[in-house]
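Structural overview for review
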There are 4 protein chains.
Amino acid sequence: LDGDTTVVQSSTVSVEGTAAATETVRAQNAAFVDAPVSGTVGPAEDGTLTVLAGGKSEEIDAVEPILEAVGDPVVRCGEAGHGTRMKLFVNLLLGDMMGAFAEALTFGAAQGLELDAMRQVVEAGAVDSPLFRAKGENIADGDFAPRFPVDLQFKDLRYANEAANDAGVTLPQTAAARESFSAASAMGHGEEDMAAVLKYFESVAGLTVGE
Amino acid sequence: LDGDTTVVQSSTVSVEGTAAATETVRAQNAAFVDAPVSGTVGPAEDGTLTVLAGGKSEEIDAVEPILEAVGDPVVRCGEAGHGTRMKLFVNLLLGDMMGAFAEALTFGAAQGLELDAMRQVVEAGAVDSPLFRAKGENIADGDFAPRFPVDLQFKDLRYANEAANDAGVTLPQTAAARESFSAASAMGHGEEDMAAVLKYFESVAGLTVGE
Amino acid sequence: LDGDTTVVQSSTVSVEGTAAATETVRAQNAAFVDAPVSGTVGPAEDGTLTVLAGGKSEEIDAVEPILEAVGDPVVRCGEAGHGTRMKLFVNLLLGDMMGAFAEALTFGAAQGLELDAMRQVVEAGAVDSPLFRAKGENIADGDFAPRFPVDLQFKDLRYANEAANDAGVTLPQTAAARESFSAASAMGHGEEDMAAVLKYFESVAGLTVGE
Amino acid sequence: LDGDTTVVQSSTVSVEGTAAATETVRAQNAAFVDAPVSGTVGPAEDGTLTVLAGGKSEEIDAVEPILEAVGDPVVRCGEAGHGTRMKLFVNLLLGDMMGAFAEALTFGAAQGLELDAMRQVVEAGAVDSPLFRAKGENIADGDFAPRFPVDLQFKDLRYANEAANDAGVTLPQTAAARESFSAASAMGHGEEDMAAVLKYFESVAGLTVGE
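Rules behind the numbers
- Within each chain, residues carry numbers counting from 1 in the order of the written sequence.
- Whichever chain is written first becomes A and whichever ligand is written first becomes 1, with later ones labelled in order.
- Per-residue local features of the predicted model are confined to residues with pLDDT of at least 70, and side-chain atom pairs are confined, for both listing and counting, to 80 or more; whole-chain, interface and lining totals are unaffected and use all residues.
- Each side-chain value is worked out from all heavy atoms of the structure, with water and hydrogens disregarded.
- For helices the rule is a DSSP run of H or I covering at least 4 residues; for strands it is a run of E covering at least 2, with both sets numbered from the N terminus onward.
- Any residue under 20% of the maximum accessible area for its type is buried, any over 50% is exposed, and the rest in between are partly exposed; the area is computed with a 1.4 Å probe on protein chains only.
- Two strands qualify as a pair provided DSSP detects at least 2 bridges between them.
- If you view a crossover with the strands going away from you and the path from the first strand over the helix to the second runs clockwise, you call it right-handed.
- What counts as an axis is a line fitted to C-alpha atoms, over the stretch in contact for a helix, and the angles between N-to-C directions run from 0 to 180 degrees.
- By definition in this entry, angles of less than 35 degrees are roughly parallel, angles greater than 145 are roughly antiparallel, angles of 65 to 115 are roughly perpendicular, and the rest are oblique.
- Crossings are classed by handedness, with left-handed meaning an anticlockwise turn of the near helix from the far one by less than a right angle and right-handed meaning a clockwise turn.
- Contact criterion: two residues are considered in contact whenever any of their non-hydrogen atoms come within 4.5 Å of each other.
- Each residue is assigned to one class: nonpolar for Ala, Val, Leu, Ile, Met, Phe, Trp, Tyr, Cys and Pro, charged for Asp, Glu, Lys and Arg, and polar for all the others, Gly among them.
- All the domain ranges listed were derived from an automatic or database domain assignment.
- Here the buried area means the combined drop in accessible surface, using a 1.4 Å probe, for two parts upon being joined, counting both sides.
- A side-chain nitrogen of Lys or Arg and a carboxyl oxygen of Asp or Glu constitute a salt bridge if their distance falls within 4 Å.
- Under the rule applied, a polar contact is a pair of N or O atoms within 3.5 Å (in protein, one hydrogen donor and one hydrogen acceptor; residues adjacent in sequence only if both atoms are side-chain atoms).
- Any helix carries an expected span of 1.5 Å times its number of residues minus one.
- The least-squares superposition of copies is restricted to C-alpha atoms, and to residues with a pLDDT of at least 70 in both copies.
- In this analysis, rings of Phe, Tyr and Trp, with Trp reduced to its six-membered ring, are considered paired at centre separations within 6.5 Å, and the interplanar angle assigns stacked below 30 degrees, edge-to-face beyond 60, and tilted for intermediate values.
- The way it works is a 1 Å grid over only the protein atoms, where trapped points that fit a 1.4 Å probe form a cavity and open points with protein on both sides within 12 Å along at least five of seven lines form a pocket, and then any residue with an atom within 4 Å of a point lines it.
- Grid points are joined across faces, edges and corners, and a volume is the space filled by probe spheres set on the points.

**A short note on unusual backbone geometry**
- Between D72(B) and the following residue, P73(B), the backbone shows a cis peptide bond with an omega angle of 5°.
- With phi around 65°, N29(A) is a residue other than glycine that occupies positive phi space.
- Inspection of the secondary structure puts N29(A) in the loop between α1 (15–27) and β2 (31–34).

**Quick look at the pairing of strand β2 (residues 31–34) of chain B**
Residues and elements named next belong to chain B.
- Neither face of β2 is open: one carries A31 and V33, the other F32 and D34, and all of them are buried.
- In this sheet, β2 lies alongside strand β1 (residues 6–9) in parallel orientation, the contact comprising four bridges. For Q9, the partnering residue across the bridge sits in β2 and is D34.
- In the classification by handedness, the crossover that spans β1, the intervening helix α1 (residues 15–27) and the parallel β2 is right-handed.

**Observations regarding the packing of helix α4 (residues 82–110) of chain A against helix α6 (residues 130–141) of chain A**
Residues and elements named next belong to chain A.
- Relative to each other, α4 and α6 sit at 45°, their axes nearing to 11 Å. With respect to each other, α4 and α6 are oriented oblique. Regarding α4 and α6, the two cross each other, and that crossing is right-handed. Listed contacts from α6 to L94, M97, M98, F101 and L105 of α4 are L131, F132, K135, G136 and I139.
- Considering only residue class, the contact of α4 with α6 consists of eight nonpolar, one polar and one charged.

**Things to note about the domain arrangement of chain A**
Residues and elements named next belong to chain A.
- Each assigned domain of chain A is listed here: domain 1 (6–80) and domain 2 (85–205).
- One C-alpha centre belongs to domain 1, the other to domain 2, and the line joining them spans 27 Å.
- Taken together, the contact pairs nine residues of domain 1 with seven residues of domain 2.
- When domain 1 packs against domain 2, close to 760 Å² is buried across both sides, 72% of that on carbon and sulfur atoms.
- The largest contributions to the domain 1 side of the interface with domain 2 come from V15, T40 and L52, which together make up 43% of the buried area.
- Summed over the shared surface of domain 1 and domain 2, the result is zero salt bridges.
- Applying the counting rule to domain 1 against domain 2 returns one residue pair in polar contact (both at pLDDT 80 or more).
- Taken together, the residues that form the side of domain 1 that touches domain 2 break down as six nonpolar, three polar and no charged.

**A few points about the interface of chain B and chain C**
- In this assembly, 17 residues from chain B lie in contact with 17 residues from chain C.
- With both chains or domains summed, chain B and chain C bury close to 1400 Å², and 37% of this area falls on carbon and sulfur atoms.
- Among the residues of chain B in contact with chain C, R158(B), N165(B) and E179(B) are the three that bury the most area, contributing 41% of the side total.
- At the junction of chain B with chain C, the criterion picks out six salt bridges.
- Across the pair E162(C) and R158(B) runs a salt bridge, and its minimum N-O distance is 2.7 Å.
- At the surface where chain B touches chain C, the tally comes to 16 residue pairs in polar contact (both at pLDDT 80 or more).
- Within the residue set of the side of chain B that touches chain C, elements represented by two or more residues are α7 (150–167) and α8 (172–189) of chain B.

**A closer look at α7(B)**
- Between its first and last C-alpha atoms α7(B) spans 25 Å; for 18 residues at 1.5 Å apiece the expected length is 26 Å, and the two agree.
- All of the buried residues in α7(B) are V150(B), Q153(B), F154(B), D156(B), L157(B), R158(B), A160(B), N161(B), E162(B), A163(B), A164(B) and N165(B).
- Those residues of α7(B) that are buried are in contact with α4 of chain A, α4 (82–110), α8 and α9 (197–205) of chain B together with α7 (150–167) and α8 (172–189) of chain C.
- Positive phi appears at G168(B), one or two residues downstream of α7(B), with a value of about 75°.

**Examining the interface of chain B and chain A**
- With 62 residues of chain B at the interface, the matching set in chain A holds 62 residues.
- Together, the buried faces of chain B and chain A total about 5100 Å²; carbon and sulfur atoms form 74% of this surface.
- Broken down residue by residue, the surface that chain B buries against chain A is led by F89(B), F107(B) and Q173(B), which jointly contribute 15%.
- Between chain B and chain A we count zero salt bridges in total.
- Run the count over chain B and chain A and you get twelve residue pairs in polar contact (both at pLDDT 80 or more).

**What about the relation of the copies chain B and chain C?**
- Its rotation angle being 180°, the transformation that places chain B on chain C also includes 0.0 Å of axial translation and leaves an RMSD of 0.0 Å. Classification of the inter-copy transformation places it as that of a two-fold axis. The position closest to the rotation axis in chain B is occupied by the C-alpha of A175(B), lying 2.9 Å away.
- A symmetric contact is evident, with 100% of the interface residues of chain B recurring at the interface of chain C.

**Here's the deal with the packing of aromatic side chains**
All names here are of chain A.
- Scanning all chains against the criterion turns up eight aromatic pairs over all chains.
- Judged by centre distance (4.3 Å) and plane angle (15°), the rings of F101 and F132 are stacked. Note that F101 is positioned in helix α4 and F132 in helix α6, a separation of 31 residues in sequence.
- The exposure class assigned to F101 is buried, which follows from its relative accessible area of 1%.

**Overview of empty space enclosed by the protein**
- Counted by the stated rule, this structure contains five cavities of 30 Å³ or more.
- A176(A), P172(B), A176(B), A176(C) and A176(D) are the residues nearest the centre of the largest cavity, which is lined by 13 residues in total.
- Going through the elements one at a time, α8 (172–189) of chain A, α8 of chain B, α8 of chain C together with α8 (172–189) of chain D are the ones with two or more residues in the lining of the largest cavity.
- Broken down by element, the lining of the largest cavity gets its largest block of residues, four residues, from α8(C).
- Here the residues of the lining of the largest cavity sort into twelve nonpolar, no polar and one charged.

**Structural notes on the packing of α8(A) against α8(D)**
- Relative orientation of the contacting elements α8(A) and α8(D) amounts to 155°, with a least axis distance of 9 Å. One finds that α8(A) runs roughly antiparallel with respect to α8(D). Relative to α8(D), α8(A) is oriented so that their crossing is right-handed. Taken together, the residues of α8(D) that come into contact with α8(A) (itself represented by P172(A), A175(A), R178(A) and E179(A)) are P172(D), A175(D), R178(D) and E179(D).
- Along the lines of polarity and charge, the residues of the contact of α8(A) with α8(D) split into four nonpolar, no polar and four charged.

Here you go:
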């Protein structure tokens, strides 16, 4: 490593791990950019992963062509380490939304609503999202093959909750989502897609959404 | 009321109220369709409210032109009363998402992330939704004028939670969201837009998102 | 009813029901005292039920001998209706404690701790309580015969949560307990003793406390 | 260290730390007993701390006189490391109970109940506990001098929640309590006694219990 080198860290590690890596790299006069990506299989194939770049502005400039080859858009999140923090932010929101969708679908099914009708209403309104479209279709198909498995989403909710506890941010809903993913994992669904958090709620309610 | 009449109930009332109205109307040989709408000011102006229609198929047929004048799409939710149930379903999801967004933004701000960057990442990914776009912009503008106020969202979360309790569906995350809206209301934000649930989290964390 | 009569309401009804009864009785110049009791089978047999008396001081005086025959102590809770409110207060605490005990025991069992040792530690410390002694023994015996069933505790948590929502008091832990009792009821344990909320946690964790 | 030595670890460290210490000590043929204590200032002065002993039976025998000098009772919790696990178990329950008491008192105060009456009812019933007696008195006195501060209780709830997440035990109520202690700490009460979690609930509700 020397002053002509920029180290790009694109794997997702902890905030502490990123800080340590930054320090090590900079001690050798090299530049450090953390650039985890957000998105899973579909976006990766389409080149539409979001790159979460953290680092000094000129250091990100230096590697921007590489980052743009990885995904689009490249979002500048702040200093080195802020890419990793942004990843926690968005995965916290992802986990909360998946948990909320699972609760809502179980609620609706118990009220006698058809899955197709629920999906149609969701997709027509303010709550429409690529997540609910994809997971709604998977659930309708009974397809829980892991794009992003329960156990990884669970892990990210734990990291985010810990970081929030360190920072004085109360997160009651995220804490509840975390416990639901914990339950889904404990009941044997840890390696299935995150949408399988639904199976925990179905098991308690004694019903299956979409049947 | 007689056999040539169809009563269309488009206001949002309780599931029990709708059941009582259905019975009363049918006792006089008239037809009953419940058709609450989902969506607020923007969609109403654009004619893109979602109409949640419940009733016998031929009875909905009879009033479909009227419903189509109110909004688009008209989603058939099942029997009379299922429009009302669908409204609870979607507003439960709406409240959970708003609460989750508020937690995530407060978390991100405490991590040193800029609101603009967080919004950009949200809008580029699986969690993108009209809700987060609209509320993200409102929060950036400090605009909490009520489209759908905290107290109405709080009320819907209470109704949904009660209905879930009656139906044997456990909803820990929704219950947590409900308590957050309760807190926001207690702290004086009940008449502001539902996005003001954020102010409860900001108050605890001692920060303001976007500043 | 006339000015020489005092109506004593000792059943547990809602706060609203008590208010209506008070008004009706007073309209006829009779006195009204609400006096629900706290405690179940054991205390009832021992004469150690707690009487939660609400009413004007002189009106409670007039019926105190009767109340003292029902239980001991007779606690003066305030105006008419405050006996009922006190009952909600103490049953909220009861439900939260039972839920917490169930979580703690499941946690301990998963950590490899014996039920006997856990009970011994609880009974030696600050958390010792008649509730944990009685329920700890019942759980050790596999005895879930209903002293106070899951469904009644669940109902009281719902009432208390609703009253708190009306009053601007946020109750995240109580809301979580409520959802756990909901789950236990949904899984078929509604008519068993409130200690059977444990079975919900055991079911998720895949273990049985005390085995 | 040699075969005649028994190392007694009485400070509270993590489960992992205890496991590492056990291995190190045993590698030198010495014996290891973990023996954290449960209880705070009062019990320490009275000699009634509970000693939570983990280790091989004969190894605990060898140091029992020492443990009995520290506290009474000495509870045998299982193998080395189980003393530490038992400490997490009982402090989880302690935190949940304190959080529940704070919610209940805030609820009661909002219902117009006097603190004295609430304490009297608690102390007469199944929920009576040394914890509620001591903290009830402290709250009545406005005395939040730290016996066991908010931040330490918060830390223990985090450890317990993490251990539960590792073990597949869902803990929604404990997770909610953890977030309440987080909020109390964030609002500036971290160094006050754990009873100051009450101040978070009071702040949201806009009232002060006991006034």
